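What follows is the residue order along each chain.
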Amino acid sequence: MKPFLSLRLPLLLYHLLSFLALGNACPKDCFCPMEDSVFCTTRRDTNMPSDMDPTIRNLYLFKNGIKTVSQEDLDGLRNLEMLDLSQNKLTELPDRVFEPLSTLHNLDLSGNQIVHISQDSFAGLYLLERLYLGNNLIESIHSAAFDGLEQLLELKLQGNKLTMIPALKMPHLLLLDLRFNSIPSPGPNDIQAPKLESLKLGGLELSSLNEELLGNFRNLHELDISNNHLTIFPRILREATGLVTLSLAGNPMGPLNWDDFEKLVELQDLDISNLSLQGLPENLMHLFPHLRKLTVAENPFNCLCNLAWFPNWVRNKQIQLGRTEETRCHFPLLNAGKVLERLGHKEFGCPVTTIPTKRIVKTTAAPPRLITNLPSTTRAVLLAKPSDNSSSKTENDPPPPPTPSTSIDPDLKLTFCPSNICLNGGTCWLDHQGQVKCICPSWTSGMYCQEEEEEEEKEETPFEDFPPVINTLSPEIVATMVTTSTILLDIHQYIEMRPHIRGVRLTYRNLSGPDKRPKSLNVPPSYPEYTLRGLQPNSTYFVCASPLDEPENKDSVCTEAKTVSQQSTQREAQVLDDSKLTTMLIPAVAILLLLGLVAIAVGVACYMHKKKSKNHLDLECHPSQLELEGMDNGALPQKQDIISCPSIMQNGGLDYEVPLMQDHCTSNNNTNNLKLSYFG
């Protein structure tokens, strides 16, 4: 025991002395729960704290009432990486005030009263990655104020009094927030950030968008152009296929043309609030197959039968409806003021039966084909076409649901999802081809989610139609949205369960790459959501949240999320192109075959006619002169009758020179089959 004590006592003495030294170095009215962090959140002093430990890395001074900061206040803090001076009373930033902080990565000056940014306000901050200047009184920024900040990833200037911005040449910038200023529409020379992922231009009173500017951002995932004066949907956005988040709220666009959204199939978060919309098209559920959050507040909805699908869709697909209490009916009078999501089907005034039973199902006894691609939390199945071979069905197979077949009436294929087809809480889903699938909870499996998971998981195959699957290990921190390079984290529940938390430390590491070293970010409790940016595509990330004022491994919760592969979007686009090409080729081939058969028939008839008319072998044979067996020649239409009406076969069936229907012609089109389409 004596040798053991002789080894332990010096170690205990060392820790005790370290603790006492740290306690003595902690400034007055501050607390230092960790060796590298100082929290001064309760002091009321107009000056910066003094006598700080030079080894600290994180310094939090928000809501202190600080009016001035000088270079002497920061001198000696050579290891500082995070400085939070938000919500104080700073009115100016002296030149080179932050120059001693050569290792600083994050600087938060939001919520102060700063009026001007000079050329040397941020001199020396060569490693700065995040600069937050929002909600100040900034009227002007020197044209060279941001020179040297080449490592900047995020720049926030929202809520100021800016009328112009300096030219931003930032090769690594991922997020730029300019909302609620008086800046005119920026051009391509104003923002030179080729890697930009998030651009926020809301509340700038813009009447148009510079298409050349937006065209330069090849990696743009998030765009906010809300609360402007845009009267039409920006044409450039029709080709913005990579957008995941889009806000159009508060623009005088009038009724939306949903054809403009046809290529925005990757959208997961859409805000179309306050656009004077009276209804929503039912094909919205197919237009945005990956949608997870939808905000349609402050619209005068006319809650009649054509909108009855909406509440059920929101619930079944677990769509997060933003600002639910502000999403209400205006018409008819019976529903005025009611929350749209809470209306029952009968309250929309729909008829008792709207779909004849005989048009719904063509049943089959064959078991569907199982296709899966999802990790442990989710299962998906694809219901295959009917098979003629039903002998493989065994007694242990589950009984077929009422409508398991995909042989659905074409009129209903895009809108009909059979009820109760997915068991045990599974969710029915229709893909772009109208095929039915079941998304199963993590504890179920099988074609219709009918079995509980009790055995080893089956081998899974890729299935590209589904959005990226997120494996949530804790409900307190949830990855709600992912792209090729970003993960949006919802941490509001984690914060709510800790009412006295002073901040959240987010630690993440790439489990798929060679470098698995963790990276850390500090998030204030006022941020219920935070987006991790600059991630690698097709990689699994392990993200943990822990309180700032406690050790990292204490009270920590974690989750996993996988970023999207860059090739998946290209493959989907190729599949769509192939589908369109097939759709065009099949009618063309059919027309050519039909013309060939007609030509053969005419040739045979002409030959027979010549054979019968031996004395007139030199006459040319024309279809209008043919006789048919058992028919009078007068019963045939004359040549001038045939050519007087335009044929649908002219120019390969694409004759646009003359109308296809005339008063004296019989139409070749079946008008009963013409249906209105939101895609034109």
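Residues numbered from 1 in each chain as written. Predicted model: local features only at pLDDT ≥ 70, side-chain atom pairs only at ≥ 80, totals over all residues. Heavy atoms only, no water.

**Student:** Just checking my understanding: could you explain the environment of Leu178 for this structure?
**Tutor:** Topologically, Leu178 is positioned in the loop between strand E11 (175–177) and strand E12 (191–192). Residues Leu178 and Lys200 lie 22 residues apart in sequence; the distance between their C-alpha atoms is 5.9 Å. For Leu178, the residues in contact, after removing those within four places along its chain, are Leu157, Gln158, Ile165, Ile183, Ile191, Lys200, Leu201 and Leu204. (Helix = DSSP H or I, 4+ residues; strand = E, 2+ residues; numbered from the N terminus. Contact = heavy atoms within 4.5 Å.)

**Student:** Is there a simple way to explain the side chain of Asp108 in this structure?
**Tutor:** Relative to the helices and strands, Asp108 resides in strand E5 (residues 106–108). Buried and unpaired, Asp108 has no salt bridge, with Lys156 as the nearest side chain of opposite charge at 7.9 Å. Other than its neighbours up to four places away in sequence, Asp108 contacts Leu83, Asp84, Leu85, Ser86 and Tyr132. (Buried < 20%, exposed > 50% of the residue type's maximum accessible area, 1.4 Å probe, protein only. Lys, Arg positive; Asp, Glu negative; His and termini not counted. Salt bridge = Lys/Arg side-chain N within 4 Å of Asp/Glu carboxyl O.)

**Student:** What should I look at first to understand the environment of Thr55 in this one?
**Tutor:** Position of Thr55 among the secondary structure elements: in the loop between strand E2 (37–39) and strand E3 (58–60). Residue classification places Thr55 among the partly exposed residues on the basis of a relative accessible area of 43%. Side-chain polar atoms of Thr55 contact the side chain of Asp53, separated by 3.0 Å. (Polar contact = N/O pair within 3.5 Å; in protein donor to acceptor, adjacent residues only side chain to side chain.)

**Student:** Explain the side chain of Arg533 to me, please; I cannot follow it from the model alone.
**Tutor:** With respect to the helices and strands, the residue Arg533 is situated in the loop between strand E30 (529–532) and strand E31 (540–547). Here Arg533 falls in the buried class, since its relative accessible area comes to 11%. What Arg533 contacts, discounting residues up to four positions off in sequence, is Glu154, Leu174, Leu175, Glu197, Ser198, Glu222, Ser485 and Thr486.

**Student:** I would appreciate a short explanation of the pairing of strand E27 (residues 487–490) in the present structure.
**Tutor:** Each regular strand displays side chains that alternate between the two surfaces of the sheet. Burial of the side chains of E27 extends over both faces: Ile487 and Leu489 are buried on one face and Leu488 and Asp490 on the other. Here four bridges tie strand E26 (residues 478–482) to E27, and the two strands are oriented antiparallel to one another. For Met481, the partnering residue across the bridge sits in E27 and is Leu488. Linkage of E26 to E27, two consecutive antiparallel strands, is achieved through a turn of four residues. Looking at chain direction, E27 and E30 are connected through four bridges and run antiparallel. Residue pairing for E30: Leu489 is matched across the bridge by Tyr530. (Pairing = 2+ DSSP bridges.)

Remember that the coordinates give geometry; whether it matters functionally is a separate question.
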